[in-house]
Amino acid sequence: MKKSTIWIIAVIMGFSFLALLYLQFSYVEEMVKMKKEQFDESVNRSLYQASHNLELDETHRYLEKDVNQTERRAFQQDSVTVDGIGGTIKHSHQFAVAADDGTVYSSFQVKAFQMKPSSVPKAMILRKDKNSLVDATKSMQEIVRNRYVYQKALLDEVVYNILYTANDKPLKERVNFKMLDQEIRNQLQNNGVNIPYHLKVSTADGREVYRCPDYSEEGEKYPYSQVLFQNDPQSKRGVVRIHFPEMSNYIFSSVRFMIPSIIFTIVLLLTFIFTIVVIFRQKRYSEIKNDFINNMTHELKTPIASISLAAQMMNDDSVTKSEQMSKHLGQVISDETKRLRFLVEKVLQMSMFDKKSVIFKKKELDLNEMVENIAQSFNLRVEHTGGKIYTEIEAVDSAIYVDEVHFQNAITNLMDNAVKYRKQDEPLDIYIRTWNDEHNHLFLSIRDTGQGIKKENLKKIFDKFYRVHTGNKHDVKGFGLGLAYVKKVVDLHQGEIKAESEIGKGTKFTIMLSVFQEDK
């Protein structure tokens, strides 16, 4: 499958997953918003009703107090008037309600009856007038005392006391905080809010007069408030504030059923991303494998062709073979055979590392001495370019515990790369340095003045089969296993290796190892 096709599928699927996630999060956000609005409305309605009930309770208490502490009396005044023209007699009764101090709260006048004495027998007038007057008096007194006194006069006094007496008292004397707390809790439950809350009451100017025993600051940034006695003067009002520490859990509890759906969608998205990464990685490995096969074919062709040609010349009777020629052909066959063996062993070594079947034969060695020997073996190749090898042996503690063959091969590979990737037609200089630090570590650095490596390629140079692209140039042969082998060897010796490079100026490799100590 083409790379562009994979990218198109990946983009379409990725966009679909992201759109699905966006819709799910939008739905959750809308549900949370709606739940929050319902919660706010329920809490505000509960606080308003609790505040209203508080004022009713205060009115009720003043009523009871007024009934228990104030004695009232009702008195009656009778009046009789005679109409001189018609001879009609009018009887009226006036009732009044007053306190002991003489304060008159209200009065009530009843016109009992009227009559003409000339039209009524004398005996009936005397009897009827007497009975009617007594009955009317008793009836009106009862009505006024039971209904008028307790319904009008008493309420007038209570309203007067509330207006001019109640708001003069401190807020903590007007409010029963425990009853207010209980009233708020009941109203919240009636409105479907059944989670813990914290209560605080303060005056209009912000002075706190009460807070619940288990009050905490958690959740206080989302308070709900209600004015107490809102019809009182501004300075006499109170404010009740509540907040809910578990409000977030309560709000999000309504959308918990969406969490598994979102999680599964995210898992699918991550799985899809991982699949795409694996596909591209496998495609890259496939390309690397093809490059490796091509490189291996070219690498193996040269020694095989040389060996085949030398053998053909030795077997050709038409060619005159002197002792010197036979020796030369034998040397060619020997050298090319060694080269073939080296190439095959390099591939086999990496295979052994991958299977973790390699066995190191470690022993104590001196790094300074090893570096000196390797530098001496590369002198001729470097001097052939017109350059030179410079060594700075500064390590005092240079003992290392390593496998001699593999570790020496690792350093040789670094030196060999420096020679192979030099600038053409320019001298190559190599700087080798060893030193110690204060943490009992031993360092080896190999710096060259070659071509250098681009930053985007530098982080990949230790990957197996990776080779830096050189365009259409194929003057440097290899499998891309050298630096991968070096890193594997250093890692298995509990060391570290890092590379620094600047294009056109050269590359520097630094290896860090622990100094070997016999007492360990």
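Here's what I pulled together on the structure shown here.

Rules used throughout
- Every chain is numbered on its own, with residues counted from 1 as its sequence reads.
- Side-chain atom pairs in this predicted model are given and counted only at pLDDT of 80 or more, local residue features only at pLDDT of at least 70, and totals for whole chains, interfaces and linings cover all residues.
- Only heavy atoms go into the side-chain values, all of them from the structure, while hydrogens and water stay out.
- For helices the rule is a DSSP run of H or I covering at least 4 residues; for strands it is a run of E covering at least 2, with both sets numbered from the N terminus onward.
- Each residue gets one of three labels from its accessible area relative to the maximum for its type: buried under 20%, exposed over 50%, partly exposed in between, using a 1.4 Å probe on protein chains only.
- Contacts are residue-level and defined by heavy atoms, with any inter-residue pair within 4.5 Å sufficient.
- For accessible areas, the Shrake-Rupley method is used with a probe of radius 1.4 Å. Any residue's cover is judged against the shown protein chains and nothing else.
- We treat two strands as partners when DSSP finds at least two bridges between them.
- Any helix carries an expected span of 1.5 Å times its number of residues minus one.
- The directions from the helix axis to the C-beta atoms form the arc being described.
- The term polar contact refers here to a pair of N or O atoms within 3.5 Å; inside protein, the definition further demands a hydrogen-donor-capable atom paired with an acceptor-capable atom, and it admits residues adjacent in sequence only when both atoms are side-chain atoms.
- By definition here, a salt bridge exists when the distance from a side-chain nitrogen of Lys or Arg to a carboxyl oxygen of Asp or Glu is within 4 Å.
- To obtain an axis, a line is fitted to C-alpha atoms, over the contacting stretch when the element is a helix, and the angle between two such axes runs from 0 to 180 degrees between their N-to-C directions.
- Residues with no salt bridge and a relative accessible area higher than 30% make up the patches, which join like charges within 9 Å and nonpolar side chains (Val, Leu, Ile, Met, Phe, Trp, Tyr) within 5 Å.

What to know about the overall build of the chain
Phase 1 of the analysis: Along its length, the chain carries 12 helices and 14 strands.
Phase 2 of the analysis: Looking at the chain as a whole, 34% of its 520 residues are labelled buried.
Phase 3 of the analysis: Restricting to contacts in the chain with at least 6 residues of sequence separation, those with at least 24 account for 69%.
Phase 4 of the analysis: Summed over its atoms, the accessible surface of the chain is roughly 33000 Å², and 54% of this surface lies on carbon and sulfur atoms.

Looking at the pairing of strand β6 (residues 224-228)
Phase 1 of the analysis: Because side chains alternate across β6, one face comprises the buried residues Y224, Q226 and L228, and the other comprises S225 and V227, none of which is buried.
Phase 2 of the analysis: Pairing geometry for β6 and strand β7 (residues 238-243), over five bridges, is antiparallel. Across the sheet, V227 pairs through a bridge with V239, a residue of β7.

Some words on helix α4 (residues 177-190)
An α-helix turns once every 3.6 residues. As a result, residues three or four positions apart point the same way.
Phase 1 of the analysis: With 14 residues, α4 ought to run about 20 Å at 1.5 Å a step, and its terminal C-alpha atoms sit 20 Å apart, in line with that.
Phase 2 of the analysis: Taken together, the buried positions of α4 are occupied by F177, L180, D181, I184, Q187 and L188. Down the axis of α4, the sector holding all buried residues measures 130 degrees, keeping them to one side. Facing away from the buried side of α4 by over 90 degrees, the exposed positions are K178 and N190.
Phase 3 of the analysis: Immediately beyond the C-terminal end of α4, within one or two residues, lies G192, with a positive phi of roughly 85 degrees.

Thoughts on the side chain of S398
Phase 1 of the analysis: On the secondary structure map, S398 appears in the loop between β9 (389-393) and β10 (399-403).
Phase 2 of the analysis: A polar side-chain atom of S398 sits 3.3 Å from a polar atom in the side chain of N368.
Phase 3 of the analysis: Beyond its immediate chain neighbours, meaning those up to four positions away, S398 contacts L365, D366, L367, N368 and L442.

Here we look at the pattern of salt bridges
Phase 1 of the analysis: Going through the model one piece at a time under the given rule, you end up with 11 salt bridges.
Phase 2 of the analysis: The salt bridge partner of K420 is D416, with a shortest N-O separation of 3.8 Å. Within this pair, K420 and its partner D416 are both found in helix α10 (residues 404-420), separated by four residues, close to a single helical turn.
Phase 3 of the analysis: On the accessibility criterion, K420 (27% relative accessible area) is partly exposed.

Quick look at the sheet that holds strand β14 (residues 506-514)
Phase 1 of the analysis: Strand order in the open sheet formed by five strands is β9-β11-β12-β14-β13, and the pairing between neighbours is mixed. Edge positions in the sheet fall to β9 and β13 (496-502), since each of these pairs with one other strand and no more. In this sheet, adjacent strand axes meet at a mean angle of 10 degrees when their direction is disregarded.
Phase 2 of the analysis: Strand direction decides the pairing type here: strand β12 (residues 441-448) and β14, joined by seven bridges, are antiparallel.

A short note on the pairing of β12
Phase 1 of the analysis: By the criterion of burial, β12 is predominantly enclosed, with six of the eight residues buried.
Phase 2 of the analysis: Two strands pair when backbone bridges link them, and strand β11 (residues 430-436) and β12 are joined in this way by seven bridges, in the antiparallel orientation. If you follow R433 over to β12, its bridge partner there is S445.
Phase 3 of the analysis: Hairpin connection between β11 and β12: a loop of four residues separates the two successive antiparallel strands, and N440 in this loop has a positive phi of roughly 65 degrees.

Section: unusual backbone geometry
The general pattern is negative phi for most residues beyond glycine and trans for most peptide bonds.
Phase 1 of the analysis: The backbone phi angle of D425 is positive, close to 65 degrees, even though this residue is not glycine.
Phase 2 of the analysis: If you trace the backbone, D425 turns up in the loop between α10 and β11.
Phase 3 of the analysis: Even without being a glycine, Q494 presents a positive backbone phi close to 55 degrees.
Phase 4 of the analysis: One can find Q494 in the loop between α12 (482-492) and β13.

Considerations on the sheet that holds strand β5 (residues 208-211)
Phase 1 of the analysis: Spatially, β5-β4-β7-β6 is the arrangement adopted by the four strands of the open sheet, whose pairing is antiparallel. Only two strands of the sheet have a single partner each, and these edge strands are β5 and β6. Going across the sheet, the axis of each strand differs from the next one's by a mean of 20 degrees, ignoring polarity.
Phase 2 of the analysis: Across the face of the sheet, α4 comes into contact with β4 (198-203), β5, β6 and β7 while running at roughly 130 degrees to β4.

Here's the deal with α12
Phase 1 of the analysis: By the burial criterion, the buried members of α12 are G482, L483, A484, Y485, V486, V489 and V490.
Phase 2 of the analysis: Taken from the residues just after α12, Q494 is the one with a positive phi, measuring 55 degrees.

Some remarks on a nonpolar patch on the surface
Phase 1 of the analysis: Together, F25, I266, L270, I273 and V277 make up a nonpolar patch on the protein surface, roughly 430 Å² of accessible area in all.
Phase 2 of the analysis: Top contributing element to the nonpolar patch by residue count: helix α6 (residues 259-315), with four residues.
Phase 3 of the analysis: Mapped onto the fold, F25 is located in helix α1 (residues 3-69).

Here's the deal with the environment of Q331
Phase 1 of the analysis: Here Q331 is to be found in helix α7 (residues 323-355).
Phase 2 of the analysis: Taking the C-alpha atoms as reference points, Q331 and A310, separated by 21 residues in sequence, lie 9.6 Å from one another.

Interpretation in functional terms is not warranted from these geometric data alone.
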